[in-house]
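What follows is each chain in one-letter form.
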Amino acid sequence: MTEAGESHEAARLAKLQAIEALGIDPWGGRFDGHMPVASVRALPVNPESPAAARIAGRVVLRRVMGNVHFLDVQDSSGRVQVMLGKKQVGELGWKLAQELDLGDLVGVDGTFGATKTGEPTVFAREVAMLAKSLLPHPDKHSGMTDMEFRLRHRYLDLTYNAETMDRARQRVMLVRAMRRHLDDQGFLEVETPTLHAVAGGAAARPFATHHNALDIPLVLRIALELPLKRLLVGGMEKVYEIGRVFRNEGISPRHNPEFTMLELYQAYSDYRGMMDLTEGLIHACATALRGSGKVTFGEAEIDFTPPFERATYAELLARHAGADMADPTSLERAASVRGIDPAGKHPDVLAQLLFEQEVEHRLKGPVFVHDYPASLCPLTRRKRGNPAVAERFELFVRGMELANAYSELNDPILQEATFRQQLAGLAEDDSMARMDDDFVRALRHGMPPAGGLGIGVDRLAMLLTDTTTIRDVILFPLLRPERGPQER
RNA sequence: GACCUCGUAGCUCAGUCGGUAGAGCAACGCACUUUUAAUGCGUGGGUCCUGGGUUCGAAUCCCAGCGAGGUCACCA
């Protein structure tokens with residue numbers, strides 16, 4: 001801490017002691033009976049018999065006019081001006097008023113009215129100290145704009161940037177809308193383990209950890225899929241989980257190492273059923289947040305009104321990459337032309353590389369891309385009459401993969417074979433290629449045919465709150481820890 | 001991981017050609033009972049991200065590192 005910072009803090013510590021000297025606890029306590037600021041502001045203004053008002057919140061602005069102080073007090077519902085007059089708040093209250101700083105938390109009891117300039121105001125009779133703020137707060141005019149500072153002090157960001165608080169609330173509403181939609185359709189919400197012995201259900205690198213008492217290595221889950229499908233075996237026919245998954249991979253405006261997934265499984269459905277369900281679910285979320293299926297995103301408008309566009313993987317690959325998914329020679333040629341070295345790569349891997357490079361960013365969507373190369377989808381049922389194609393779709397919106405779904409593979413013999421198959425071109429530590437014996441055993445007991453769906457909740461939140469970086473729809477995204485003073 | 005940009009007071013930011021470190025807000029002091037980013041007068045506050053180099057002299061130029069942002073690559 002620099003000397004300047006210390007001088008700010010020293011001044012506040014001196015006030016803290018002054019407050020204690022008045023016999024007032026600077027850390028406050030229970031303050032019953034207060035109203036949201038927004039409700040106070042809605043009270044009628046009647047000078048004849050002014051309404052009682054009692055609020056609690058943070059002092060975000062202060063104008064000292066000699067024997068009268070004006071405070072702007074903010075709570076989670078809004079801001080209102082408070083007038084503290086020397087004659088009105090009594091001797092002790094007035095002494096306390098001298099010691100208030102920006103950022104302090106106060107309770108105010110008084111009446112509601114308007115000043116002569118018409119400003120809605122709580123005229124204080126009593127002021128209560130609820131918590132002293134010992135550190136200076138951001139500039140009252142320019143606020144805080146530095147991205148890193150905002151992320152490292154999210155509490156200040158929430159306090160001083162209304163958009164941050166709004167987005168946080170919208171996200172809560174989104175998850176709530178999701179739950180309501182699924183609950184209404186008879187889905188059961190469950191919680192499955194975060195600590196797994198084997199990372200499965202997705203292609204990603206896991207975080208490794210260790211359990212001391214059992215002395216076993218564990219990983220943090222990278223997907224919800226395998227436990228949920230065990231529940232299908234167990235007879236939960238419609239089941240979902242909204243939970244955090246962890247992938248030990250890069251950070252970008254669209255990627256955080258921990259993020260929230262919705263996964264759901266519906267017995268006796270398939271990926272077509274999941275398309276219908278996805279459309280209904282996302283439309284319901286959009287409507288809950290933005291009032292309709294049409295949402296603005298930057299300069300553009302995204303229309304989530306069903307039905308969404310549908311296109312097969314093969315036709316998109318042919319259109320944008322000039323490659324025939326069913327013809328290895330064609331794939332190799334297209335790959336070479338586009339700077340991808342085809343040597344030693346499985347044709348399906350080439351197809352996927354081409355798809356990612358040439359197709360994905362062109363998909364403004366929402367568009368269901370369906371019928372994937374089978375070897376990319378080891379947990380997916382093959383298309384009837386065409387074992388090279390998997391009954392899978394991904395939903396793309398603005399070049400971003402938003403949802404992933406398939407007809408679940410319930411054939412344990414094929415599942416085991418798929419697990420054993422090493423795909424050329426996939427990394428050695430790729431979790432898709434890892435065997436989960438216990439899961440295969442569960443399948444052997446009989447899993448109903450089912451549709452399964454995964455949605456990236458953070459990404460949906462981005463699209464529905466018009467936010468371009470995932471770090472602004474996650475309250476505490478991962479940052480490199482600040483170095484402590486002792487390390488400098 | 002690669003490339004580009006940024007890092008100066010508590011916050012937001014200037015800082016010219018390399019020549020004593022600046023502003024607004026915040027803080028401190030004084031005045032003020034109806035202000036709206038209150039106002040007026042005065043005062044204090046700096047490891048210019050860190051380390052090295054060039055130079056008589058570096059916030060400024062060079063190198064390395066750290067942190068962040070953006071773009072690209074990969075995962076959703």
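This write-up is about the structure you can find in this document. (Residues numbered from 1 in each chain as written. Chains lettered and ligands numbered in written order. Predicted model: local features only at pLDDT ≥ 70, side-chain atom pairs only at ≥ 80, totals over all residues. Heavy atoms only, no water.)

### Considerations on the pairing of strand β4 (residues 105-114)
Thought 1: Most of β4 is tucked away: 8 of the 10 residues are buried.
Thought 2: Summarising the sheet, strand β1 (residues 51-65) and β4 pair through 8 bridges and their orientation is antiparallel. Of the residues in β4, the one forming a bridge with Arg58 is Leu105.
Thought 3: In this structure, β4 lies alongside strand β5 (residues 120-131), joined through 10 bridges in antiparallel fashion. (Buried < 20%, exposed > 50% of the residue type's maximum accessible area, 1.4 Å probe, protein only. Helix = DSSP H or I, 4+ residues; strand = E, 2+ residues; numbered from the N terminus. Pairing = 2+ DSSP bridges.)

### A word on the sheet that holds β5
Thought 1: Pairing is mixed around the closed barrel formed by 5 strands, whose spatial order is β1-β2-β3-β5-β4. When strand polarity is set aside, the average angle formed by the axes of neighbouring strands in this sheet is 55°.
Thought 2: Along the sheet, helix α3 (residues 86-98) makes contact with β1, β2 (68-75), β3 (78-85) and β5, crossing β3 at roughly 105°. (Axes fitted to C-alpha atoms, helices over the stretch in contact; angles between N-to-C directions. Contact = heavy atoms within 4.5 Å.)

### Things to note about the environment of Lys140
Thought 1: Mapped onto the fold, Lys140 is located in the loop between β5 and α4 (147-152).
Thought 2: Residues Lys140 and Leu61 lie 79 residues apart in sequence; the distance between their C-alpha atoms is 7.1 Å.

### So, helix α11 (residues 347-359)
Thought 1: Taking 1.5 Å of rise per residue, 13 residues should cover 18 Å, and α11 covers 17 Å from first to last C-alpha, within 8% of that figure.
Thought 2: Taken together, the buried positions of α11 are Asp348, Val349, Leu350, Ala351, Gln352, Leu354, Phe355, Glu358 and Val359.
Thought 3: Where α11 is buried, its residues meet α9 (313-321), α10 (328-337), β15 (367-373) and β17 (386-397). (Expected span 1.5 Å × (residues − 1).)

### Topic: the sheet that holds strand β8 (residues 208-211)
As a general point, the strands of a sheet are linked pairwise by backbone hydrogen bonds and lie either parallel or antiparallel.
Thought 1: The 3 strands lie next to each other as β7-β9-β8, forming an open sheet whose pairing is antiparallel. On the outer flanks of this sheet lie β7 (195-196) and β8, each paired with one strand and no other.
Thought 2: Here β7 runs beside strand β9 (residues 216-220); their pairing, made up of 2 bridges, is antiparallel. Note on β9: the bridge partner recorded for His196 is Val219.

### A look at α10
One turn of the α-helix equals 3.6 residues, which is why residues spaced by three or four share an orientation.
Thought 1: Along α10, the residues classified as buried are Ser330, Leu331, Ala334 and Ala335. Axial view of α10: buried residues confined to an arc of 130°, hence all on one face. Opposite its buried face, α10 presents the exposed residues Arg333 and Val337, each directed more than 90 degrees away.
Thought 2: Buried-residue contacts for α10 involve α9 and α11.
Thought 3: Gly339 sits one or two positions beyond α10 and adopts a positive phi of about 80°. (Arc of directions from axis to C-beta.)

### Overview of unusual backbone geometry
Thought 1: Of note, the amide linkage connecting Pro306 to Pro307 takes the cis form, showing an omega dihedral of -5°.
Thought 2: As for its placement among the helices and strands, Pro307 is situated in the loop between β13 (300-303) and β14 (309-312).
Thought 3: Positioned with a positive phi, Asp215 is a non-glycine residue whose angle comes to about 50°.
Thought 4: Along the polypeptide, Asp215 turns up in the loop between β8 and β9.
Thought 5: With relative accessibility at 54%, the residue Asp215 sits in the exposed group.
Thought 6: Even without being glycine, Asp371 reaches a positive phi, approximately 70°.
Thought 7: Positionally, Asp371 belongs in strand β15.

### As for the protein's contact with RNA strand B
Thought 1: Within the structure, RNA strand B sits among 52 residues, and Thr117, His255, Arg459, Arg471 and Arg480 are positioned closest to it.
Thought 2: The share of sugar and phosphate among atoms of RNA strand B within 4 Å of the protein is 57%.
Thought 3: With respect to RNA strand B, the backbone of Gly66 contributes an N or O atom lying 3.2 Å from a base nitrogen.
Thought 4: Asn67 is positioned with one of its backbone polar atoms (N or O) 3.1 Å from a phosphate oxygen of RNA strand B.
Thought 5: Going through the elements one at a time, α1 (3-21), β1, β2, β3 and α4 are the ones with two or more residues in the surface near RNA strand B.
Thought 6: The element best represented in the surface near RNA strand B is α1, accounting for 6 residues. (Near = heavy atom within 4 Å. Polar contact = N/O pair within 3.5 Å; in protein donor to acceptor, adjacent residues only side chain to side chain.)

### Regarding the packing of aromatic side chains
Thought 1: Using the criterion set out here, one finds 7 aromatic pairs in the structure.
Thought 2: Ring geometry for Phe355 against Phe396: centres 6.0 Å apart, planes inclined by 55°, an arrangement best described as tilted. Of this pair, Phe355 sits in helix α11 while Phe396 is found in strand β17, placing the two residues 41 residues apart along the sequence.
Thought 3: The class of Phe396 is buried, set by a relative accessible area of 0%. (Phe/Tyr/Trp six-rings, centres within 6.5 Å; stacked < 30°, edge-to-face > 60°.)

### Observations regarding the side chain of Asp75
Thought 1: Take Asp75: it is sitting in strand β2.
Thought 2: No salt bridge forms around the buried Asp75; measuring N to O, its nearest opposite-charge neighbour Arg169 is 7.4 Å away.
Thought 3: A polar contact of 2.8 Å, which involves the side chain of Asp75, links it to the backbone nitrogen of Val37.
Thought 4: Ignoring sequence-local partners within four residues, the contact set of Asp75 consists of Met35, Pro36, Val37, Ala56 and Gly57. (Lys, Arg positive; Asp, Glu negative; His and termini not counted. Salt bridge = Lys/Arg side-chain N within 4 Å of Asp/Glu carboxyl O.)

### Focus: the nonpolar core
Thought 1: Leu262 and Phe304 are the most contacted members of the largest nonpolar core, which has 43 residues in total.
Thought 2: Setting aside residues no more than four positions away along its own chain, Phe304 makes contact with Ile282, His283, Ala286, Gly293, Val295, Pro366, Val397, Leu463 and Leu464. (Core = buried A, V, L, I, M, F, W, Y, C linked by side-chain atoms within 4.5 Å.)

### Some points on the packing of helix α6 (residues 162-184) against helix α8 (residues 271-290)
Thought 1: Close contact between α6 and α8 brings their axes to 9 Å; oriented N to C, the two are set at 140°. Considering the angle they form, α6 stands oblique to α8. Note on packing geometry: the crossing formed by α6 with α8 is right-handed. Residues Gln170, Met173, Leu174, Ala177, Met178, Arg180, His181 and Leu182 of α6 form the contact with α8, whose participating residues are Leu277, Gly280, Leu281, Ala284, Cys285, Ala288, Leu289 and Arg290.
Thought 2: The residue makeup of the contact of α6 with α8, split by class, is 11 nonpolar, 3 polar and 2 charged. (Parallel < 35°, antiparallel > 145°, perpendicular 65-115°, else oblique. Left-handed = near helix turned anticlockwise from the far one by under 90°. Nonpolar A, V, L, I, M, F, W, Y, C, P; charged D, E, K, R; others polar.)

### A look at the environment of Thr121
Thought 1: Assignment of secondary structure puts Thr121 in strand β5.
Thought 2: Put simply, Thr121 and Asp72 are 49 residues apart on the chain and 9.2 Å apart in space, counted from C-alpha to C-alpha.
Thought 3: When sequence neighbours within four positions are dropped, the list of residues in contact with Thr121 reads Gln81, Val82, Met83, Thr111, Phe112, Gly113, Ala114 and Thr115.
Thought 4: A distance of 2.8 Å separates the side chain of Thr121 from the backbone oxygen of Glu119, its partner in a polar contact.

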